[in-house]
Amino acid sequence: MIRVTVWNEFRHEKMEPRVAAVYPEGIHGAIAAGLKEHGFAVRTATLDEPEHGLSEEVLGETDVLTWWGHIAHHEVRDEVVERVWRRVVRDGMGLIVLHSGHFSKIFTRLMGTTCTLRWREAAERERVWTVAPGHPIAEGVPAYFEIPHTEMYGEPFGIPQPDELVFISWYQGGEVFRSGCCFRRGRGRIFYFSPGHESFPIYRQPEVIRIIANAVRWANPTPVTPGKLDWDNVPPLEPLPGWHHS
Ligand code: ZN
């Protein structure tokens, strides 16, 4: 069974009654409940827990990590970011970055670019188009679906060219956005998915949860041969002049 850790900054829900009304269990609670129905072993972790809930032990037992943050990206300690980065790049832990997580320390570090975008909070309609219908993350997702009220995220999005683009969103106000993007960094697979503003119940939409669940399966790491090291000072396989074979 794939082991998922759902991470959430968990600040809006504590500070703003209108957000708590949408997500009384926290954004992490809603995502975790949705993913459990897809058959994963799910735990949650939040910013204010010791080590942000992301100890070596927790990450060591995590196949795929999902990340939601917004107003407190700067409070995420660099040593925890380093730990997550190593797990992704070296060990192949999957990472699903959601909505305003585009500005998180971990995502901007993995991308190496600004990750900037244009935005507007006008409760407008979003139409999410599946542009790679054969992709595993699009499995069971219709050609398009709509989110009745959303925050607009518009291009240009300051990311590197995605390895695979699975979804593009159109907004009522006229903009478009690359809303579902795949990246590989080292051994790890990363999926960015933009829907999920805190004041709308977007993580209760079955299509949205299905996409995150598909992304979890896609990002689940391939097992690595035990004891195999990628880096070492190695003797030649054949006799080499000048090499002193012991
Ligand atoms: Zn937002």
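Residues numbered from 1 in each chain as written. Predicted model: local features only at pLDDT ≥ 70, side-chain atom pairs only at ≥ 80, totals over all residues. Heavy atoms only, no water.

J.: Even after reading the chapter, I still don't get the coordination of the zinc ion, so can you show me in this structure?
T.: Ideal values for angles at a metal depend on the geometry: 109.5 degrees with four tetrahedral donors, 90 or 180 degrees with six octahedral donors. Taken together, the protein ligands of the zinc ion are His-99 (NE2), Glu-151 (OE) and His-197 (ND1), with distances of 2.0 to 2.1 Å. Sequence positions of the residues that donate to the zinc ion give the spacing H-x51-E-x45-H. Residue His-99 is found in the loop between strand E4 (94-98) and helix H6 (105-111), and its partner His-197 is found in the loop between strand E9 (188-193) and helix H7 (206-219); the two are separated by 98 residues along the sequence. For the pair His-99 and His-197, a shared accessibility class is recorded, and that class is buried. (Donors = N, O, S within 2.8 Å, 3.2 Å for Na, K, Ca; no water. Helix = DSSP H or I, 4+ residues; strand = E, 2+ residues; numbered from the N terminus. Buried < 20%, exposed > 50% of the residue type's maximum accessible area, 1.4 Å probe, protein only.)

J.: How should I be thinking about the state of the cysteines in this particular structure?
T.: Going through the model one piece at a time under the given rule, you end up with zero disulfides. Left unpaired, Cys-115 is separated from the closest cysteine sulfur, that of Cys-181, by 10 Å. Look at Cys-115 and you get buried, because its relative accessible area is 0%. Here Cys-182 is not disulfide-linked; the sulfur of Cys-181 is the nearest cysteine sulfur, at 7.7 Å. Judged by relative accessible area, Cys-182 falls into the buried class, the value being 0%. (Disulfide = S-S within 2.5 Å.)

J.: Looking at this model, I keep getting lost on the environment of Glu-175. Mind explaining?
T.: Assignment of secondary structure puts Glu-175 in the loop between strand E7 (164-171) and strand E8 (176-185). Sequence separation between Glu-175 and Pro-156 is 19 residues; the distance between their C-alpha atoms is 10.0 Å. Polar contacts involving the side chain of Glu-175 include one to the side chain of Arg-120, which spans 2.7 Å. (Polar contact = N/O pair within 3.5 Å; in protein donor to acceptor, adjacent residues only side chain to side chain.)

J.: Help me out: how do you make sense of the sheet that holds strand E6 (residues 144-154) in this one?
T.: Adjacent strands of a sheet form backbone hydrogen bonds with each other and so pair up, either parallel or antiparallel. Across the sheet, which stays open at both edges, the nine strands sit in the order E2-E1-E3-E4-E9-E8-E7-E5-E6 with mixed pairing between neighbours. Edge positions in the sheet fall to strand E2 (41-46) and E6, since each of these pairs with one other strand and no more. For this sheet, the mean angle separating the axes of adjacent strands, direction not counted, is 25°. Two strands pair when backbone bridges link them, and strand E5 (residues 118-130) and E7 are joined in this way by five bridges, in the antiparallel orientation. For Val-128, the partnering residue across the bridge sits in E7 and is Ser-169. Along the sheet, helix H5 (residues 78-91) contacts strand E3 (64-68), E4, E8 and E9; its crossing angle with E9, the most-contacted strand, is approximately 115°. (Pairing = 2+ DSSP bridges. Axes fitted to C-alpha atoms, helices over the stretch in contact; angles between N-to-C directions. Contact = heavy atoms within 4.5 Å.)

J.: I'm lost on the packing of helix H3 (residues 27-36) against H7 in this one. Help?
T.: Relative placement of two packed helices is described by the angle separating their axes and the distance separating the axes. For the pair H3 and H7, the least separation of the axes is 9 Å and the interaxial angle reads 70°. As far as their axial angle goes, H7 and H3 are roughly perpendicular. Contact residues: Ile-31, Gly-34 and Leu-35 in H3; Ile-209, Ile-212 and Ala-213 in H7. Along the lines of polarity and charge, the residues of the contact of H3 with H7 split into five nonpolar, one polar and no charged. (Parallel < 35°, antiparallel > 145°, perpendicular 65-115°, else oblique. Nonpolar A, V, L, I, M, F, W, Y, C, P; charged D, E, K, R; others polar.)

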